[in-house]
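Structural features, examined
In case you want the letters, here they are:
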Amino acid sequence: MYVYTMGAFIEPIQKEFGWSRAQISSGITIAAFISAIFCVPVGILVDRIGPRRIGLIGVVLMCGCVALLGTATGDKANWLVLWCLLAVSTLWVQATVWTSAVNSRFERSRGLALAITLSGASLSAAIFPVLATWLIETLGWRHAFMALGGAWLCLVLPVMLIGFRGARDTTPTAQASDSVPPVALSGLSLQQGLRSSALYKLIMAGGFFSFTAIGIVVHFVQILKDAGAEPLAAAGVASLVGIFSIIGRIGTGFLLDRFHGYMVGGVAFLIPILACALLLFDGGNPVSQAIAAAIFGLTLGSEVDVIAYLAAKYFGLKNFGALYGAMVMALSLGVAFGPLGAGLTYDMFDSYAPFLELTAVLMGLSAVALFSLRSTPDAEHYHEQH
C-alpha cells in the first residue's frame, strides 16, 4: 500500500514541509530496511506456527500504521518514528506469509496459484496511484492516508478471517472446516540451502530487480510529471503498471507451470531495458510513457512469482520460510534503497535519467543470474543422490 501510493504523496508533502524527494522517500527506506533485517526470523516463525496468525496480526498493524502517516507534524524525527512503526507492521505481511501458504496448498499448478494470489498486489498498483491522487485532491494528503488505511482494513480483514489458511495452520477448527488435508512438506535442510549457489543467484536477481523496479515505480508519477504530464494524467498512466502487472503475473504463472522457471524469469527480467530506453529517448511522448508503464507492469507482475516459484522448486518446502526469507531480505533491501536512490539521483542531477540508465544495467545482471541456474533444481538433485 505505502509503496504504490507514495508517488502521489511526494509533491504535497514536499510543498507543506519543504523536504527533498530523497527525505520523503527515506520513510520507505526505513520500513523496508527494518523488514529486511527480520525476514529470515519471520520466515522461521512462519515455518513453525503457520502463516495465518502472522498475517492476521500484520493486516491490522499495517493498515493502522499507514493511517498514522497522516499525523506527520513536519518534524523529521516524527516522520522517522512513524515510519519505524510502519516498519514493524511490515514484518507481519512479508511475501513469505502469503507464498508459504499458497506453496503448501498447490504443487502441479503452483505457478498459476502464486500468480493469482499475488495479483492482489498488482490490483493495488493499478488502483492506488489514481485513488491516492483523488483522495489527496478531495480530502488533503493527511486524511488520504487515513482513508486508505481504514478502507483496506475493512476489505482485507474479513477475507483473511474467512479464507486464509496454509497447510501448517492445522488447528482443530481449520481441519474441520477445510476439506484440503495438510500437505507433507519436504526439501533441503537450512544448511543445505545455505550451501546452494542457486540461493545466492536468486538473492542477487531479486535484490537488483527490486532496487531498480521499485525505485522507478515509486517515482513514476514524478518522472511523467517532469516530462510534462498533468497530475491525474500521470497517475492514470502509472496505473497501467498495476493493470499490466496482473497480466504479467497470470502469464508468468501459466508459463512457469510449462517451461523452465529460470528461463521464464530471465526473459521477464530483460524486458524492462526497453522501457528504460523509451523513457530516456522519448519520455515526453504519451505513447512511449504508456508502453513503458505497461512493460514495467509486466515485469513487476512476475518478480515475486518467479523468485517464490524457483525457491520452492530448488529448495522444497521443508524450510521454505527461512530460505525464501533470505530472498525477501534482498527484495526488501532493494525496496529500501531503490526509492531513496531514485530520489537522491533526482536531487543531484535534477533528472531521473541516470537512475534509468542504472536500471537497465542491473536488470541485465538480474537476468544473467537467472539464466545461469541449472535446469535440475537443488531439491531434486539432492533427492536423486539420496
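Cut-offs used in this document
- Residues numbered from 1 in each chain as written.
- Predicted model: local features only at pLDDT ≥ 70, side-chain atom pairs only at ≥ 80, totals over all residues.
- Heavy atoms only, no water.
- Phe/Tyr/Trp six-rings, centres within 6.5 Å; stacked < 30°, edge-to-face > 60°.
- Helix = DSSP H or I, 4+ residues; strand = E, 2+ residues; numbered from the N terminus.
- Buried < 20%, exposed > 50% of the residue type's maximum accessible area, 1.4 Å probe, protein only.
- Disulfide = S-S within 2.5 Å.
- Domains from an automatic or database assignment.
- Buried area = accessible area lost by both parts, 1.4 Å probe.
- Salt bridge = Lys/Arg side-chain N within 4 Å of Asp/Glu carboxyl O.
- Polar contact = N/O pair within 3.5 Å; in protein donor to acceptor, adjacent residues only side chain to side chain.
- Nonpolar A, V, L, I, M, F, W, Y, C, P; charged D, E, K, R; others polar.

1. Regarding the packing of aromatic side chains
Considering all chains together, one arrives at 15 aromatic pairs under this definition. Geometrically, the ring pair formed by Phe-9 and Phe-145 is stacked, given 3.8 Å between the ring centres and 5 degrees between the ring planes. Here the residue Phe-9 occupies a position in helix 1 (residues 2–17), and Phe-145 occupies one in helix 8 (residues 141–163), the gap between them amounting to 136 residues. Given the relative accessible area of 0%, Phe-9 is considered buried.

2. Some words on unusual backbone geometry
With phi around 55 degrees, Asp-350 is a residue other than glycine that occupies positive phi space. When you line up the elements, Asp-350 lands in the loop between helix 18 (320–349) and helix 19 (353–371).

3. Some words on the state of the cysteines
The final tally for this structure, using the stated rule, is zero disulfides. Cys-63 takes part in no disulfide bond, and the closest cysteine sulfur to it belongs to Cys-154, at a distance of 8.6 Å. On the basis of relative accessibility, which here comes to 5%, the residue Cys-63 falls in the buried class.

4. Some words on the domain arrangement of the protein chain
According to the domain assignment, the protein chain consists of domain 1 (1–168) and domain 2 (186–374). Here the C-alpha centroids of domain 1 and domain 2 sit 18 Å apart. Carbon and sulfur atoms supply 68% of the area buried between domain 1 and domain 2, which totals about 3900 Å² over both sides. The three residues of domain 1 that bury the most area against domain 2 are Arg-21, Thr-29 and Ser-122, which together make up 14% of that side's buried surface. The tally of links from domain 1 across to domain 2 stands at two salt bridges. Counting across the domain 1 and domain 2 interface gives 11 residue pairs in polar contact (both at pLDDT 80 or more). Counting residues per element, the ones that place at least two in the side of domain 1 that touches domain 2 are helix 1, helix 2 (21–37), helix 3 (39–49), helix 6 (95–105) and helix 7 (110–139). Its residues assigned to classes, the side of domain 1 that touches domain 2 shows 25 nonpolar, 18 polar and seven charged.

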